[in-house]
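Architecture and fold: a report
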Amino acid sequence: MSTESASKPWPAEVTLARDGIRLEPLTLAHIDGLKKAAADGELWNIRVTSVPEPQETRGYIETALKQRADGSRLAFAVIDTATNEVIGSTSYHDIVPAMKRVEIGWTWYAKSRQRSNVNTLCKLMLMQHAFETLGCAVVGWRASHMNYASQRAIERLGAKRDGTLRHHAPLRDGSARDTVLYSMLASEWPAAKAKLEERLANGGAQTNSPKHGDTISFAEINADNLVSVSMLNPGAIGMRMVASNALSIAQAAYSKGAWLRAVMVRDTPVGLVMLLDAEKDPEGAKHREVEPGSLYLWRLMIDFQQQGKGFGEQIMRTVVERAKSMPGIRTVSLSYALSDGNAKPFYERFGFRDTGKVRHGEMEMLLTL
């Protein structure tokens, strides 16, 4: 082995391309393109990202090149091959050659390219190269504790949440962020790859519309589906805000007014919904502080691998229509956790509004029919 080859950082520089997107090593030749991409949405104003302001672009690239030289980072420009435009950037970083470990991050895209297939393509190319070419044992990700969109996107890849480093890194405004850590082992890659390929086949984007016309149905929970429904997982963020399905099943068994159903797409459980009819169970409603004449949305969860497909919207429309058809029901009520990343914006889209009442540590919302 020559001294020159032995001194080159691992992994070696590479250009990856697929379906109209190219990842090429970031250089100073990309300055103007990177400025233009960042200006699409003025992304440097987003507190939880590291997108450079226009005058900082050269320094941003020079930092990446220095990190490349010391072996800790390999940064890429994301290129639209049809126009040869730079549309973003992403990196391998926190590289540990001895452990065959890389992390994927420093990722951002021009606003006009967000919620498209670009991110799915980039993640697939980087993960495939890491696991199948570099022989990585593990790939990691990091996200700000305030960047819930990024956390959900990482979880949809199939990565596991490893924990949180508190007061870990500075933000643009000088405050400190907590860093949420994720990882995927080589043994978990084949299943993740299949899901990414399926997502690309369906258009690649996370949208609010079901793919291929998928619509939900409801099924009673029985011996045939009990285990699969109990194993559904709302993701790391959801787990902090919604009780487990096993608890919901147990609570429904002891409530006279509970309506509990598995949410199905064809023959596959994708979520769970539980309602409480205050008219049928006055005592249970009183304990939950549900007013007479209200249908209470007690639980709603969608498995993290099924989120972003419009199933939650279908459930909400069904719940509202069900309430309208029930004699004596004048409102639909629910409550949400008083913590960052809660579902309040989602419920507001259906006309629910805060009542100002906190019950059992959660904020009540009400929809008048």
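See the structure above.
We now turn to the structure provided with this report. (Residues numbered from 1 in each chain as written. Predicted model: local features only at pLDDT ≥ 70, side-chain atom pairs only at ≥ 80, totals over all residues. Heavy atoms only, no water.)

A few words on the sheet that holds strand S2 (residues 21–25). The pairing of strands in a sheet comes from backbone hydrogen bonds and takes either a parallel or an antiparallel form. Read across the open sheet, the 8 strands follow the order S1-S2-S3-S4-S5-S6-S8-S7; overall the sheet is mixed. In this open sheet, the two strands that pair with only one neighbour each are strand S1 (16–18) and strand S7 (160–170). For this sheet, the mean inter-axis angle between neighbouring strands, taken without regard to orientation, is 25 degrees. Taken together, the 3 bridges between S1 and S2 define a ladder with antiparallel strand orientation. Each bridged residue has a counterpart across the sheet, and for arginine 18 the counterpart in S2 is isoleucine 21. Most of the contacts of helix H3 (residues 57–69) go to strand S3 (residues 73–80), to which it runs at about 130 degrees, and overall it touches S3, strand S4 (85–96) and strand S5 (101–109). The strands that helix H4 (residues 118–133) touches are S1, S2, S3, S4, S5, strand S6 (138–144) and strand S8 (176–185); relative to S5, the one it contacts most, it runs at about 165 degrees. (Pairing = 2+ DSSP bridges. Helix = DSSP H or I, 4+ residues; strand = E, 2+ residues; numbered from the N terminus. Axes fitted to C-alpha atoms, helices over the stretch in contact; angles between N-to-C directions. Contact = heavy atoms within 4.5 Å.)

In this section: the nonpolar core. Membership of the largest hydrophobic core comes to 36 residues, with the highest contact counts inside it found for Ile21, Leu23, Val78, Tyr92, Met127, Trp141 and Trp189. Contributions of two or more residues to this core are made by S2, S3, S4, S5, H4, S6, S8 and helix H6 (189–201). With 9 residues, the top contributor of residues to this core is H4. With residues near it in sequence (within four places) discarded, tryptophan 189 still touches Leu124, Met127, Gln128, Phe131, Glu132, Met184 and Leu196. The next biggest cluster of nonpolar side chains, apart from the first, holds 29 residues, and it includes Trp259, Val270, Met316 and Met326. (Core = buried A, V, L, I, M, F, W, Y, C linked by side-chain atoms within 4.5 Å. Buried < 20%, exposed > 50% of the residue type's maximum accessible area, 1.4 Å probe, protein only.)

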